[in-house]
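Tertiary structure, described
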Amino acid sequence: MLEEGEGAADADAQLLALRGSTGLRAETAMLAMLPKVRGDAHDRLLTILKARGAERRAHAKVKSRRAYLRGEGAFALGALQSSGAVGPLIALLDDRSPLVRRVAVRALGQIGDARATCLLYTSPSPRD
């Protein structure tokens with residue numbers, strides 16, 4: 001991700017070409033890195049992750065029966081700043097798992113959508 005110019009395009013193409021478990025592990029690492037980087041590196045990571053289908057997988061995870069996967073999906077949607085995820089994340093604010101609710105609040109904060117802000121300040125307090 002530190003490459004510039006033509007080297008950056010080659011690095012991006014290599015990340016996009018990863019498949020199978022190697023691709024999923026790389027995607028997990030990129031998602032973890034995404035909130036920590038800024039500028040061109042952030043934009044490139046975001047583009048790569050969206051092109052790889054990370055947003056679609058994250059939406060599927062928030063519907064899982066397993067709390068861990070719901071939390072993982074919420075984290076990914078926040079890191080990806082997915083504006084289309086505001087509705088599903090708001091639904092997670094009433095999740096039975098306190099950890100999932102906490103991750104959903106953080107994800108909504110990362111997205112920064114006004115609908116979530118209004119909801120958080122006008123709703124009765126959540127379970128925890």
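Residues numbered from 1 in each chain as written. Predicted model: local features only at pLDDT ≥ 70, side-chain atom pairs only at ≥ 80, totals over all residues. Heavy atoms only, no water.

1. Quick word on the packing of helix α1 (residues 6-17) against helix α3 (residues 39-52)
In contact at an axis separation of 10 Å, α1 and α3 are set at 30 degrees when each is read in the N-to-C sense. Accordingly, the angle class assigned to the pair α1 and α3 is roughly parallel. In terms of crossing hand, the pair formed by α1 and α3 is right-handed. Across from Ala8, Ala11, Asp12, Leu15 and Leu16 in α1, the residues of α3 making contact are Arg44, Ile48, Ala51 and Arg52. (Axes fitted to C-alpha atoms, helices over the stretch in contact; angles between N-to-C directions. Helix = DSSP H or I, 4+ residues; strand = E, 2+ residues; numbered from the N terminus. Parallel < 35°, antiparallel > 145°, perpendicular 65-115°, else oblique. Left-handed = near helix turned anticlockwise from the far one by under 90°. Contact = heavy atoms within 4.5 Å.)

2. What about the pattern of salt bridges?
Between side chains of opposite charge, a pair can form when the charged atoms approach closely. In total, this model carries 6 salt bridges according to the counting rule given. Of the charged contacts, one joins aspartate 95 and arginine 70 as a salt bridge, the two residues approaching to 2.7 Å between their closest N and O atoms. In this pair, aspartate 95 is assigned in the loop between α6 (86-92) and α7 (98-111) and arginine 70 in helix α5 (residues 67-79), connecting sequence segments 25 residues apart. When salt bridges that share partners are traced, they join Asp12, Asp40 and Arg44 into one network. (Salt bridge = Lys/Arg side-chain N within 4 Å of Asp/Glu carboxyl O.)

3. Considerations on unusual backbone geometry
Positive phi values are uncommon outside glycine, yet glutamine 81 reaches one of about 50 degrees. In this fold, glutamine 81 is placed in the loop between α5 and α6. Note on glutamine 81: relative accessible area 39%, which makes it partly exposed. (Buried < 20%, exposed > 50% of the residue type's maximum accessible area, 1.4 Å probe, protein only.)

4. Focus on the nonpolar core
Core analysis: the biggest nonpolar cluster contains 30 residues, and Met30, Leu34, Leu49, Leu80, Leu89 and Leu92 have the highest contact counts within it. Looking at this core, the elements with two or more residues in it are α2 (20-33), α3, α4 (54-61), α5, α6 and α7. The leading source of residues in this core is α7, at 6 residues. Residues contacting leucine 34, with those up to four places away along its chain left out, are His42, Leu45, Leu46, Leu49, Ala79 and Leu80. (Core = buried A, V, L, I, M, F, W, Y, C linked by side-chain atoms within 4.5 Å.)

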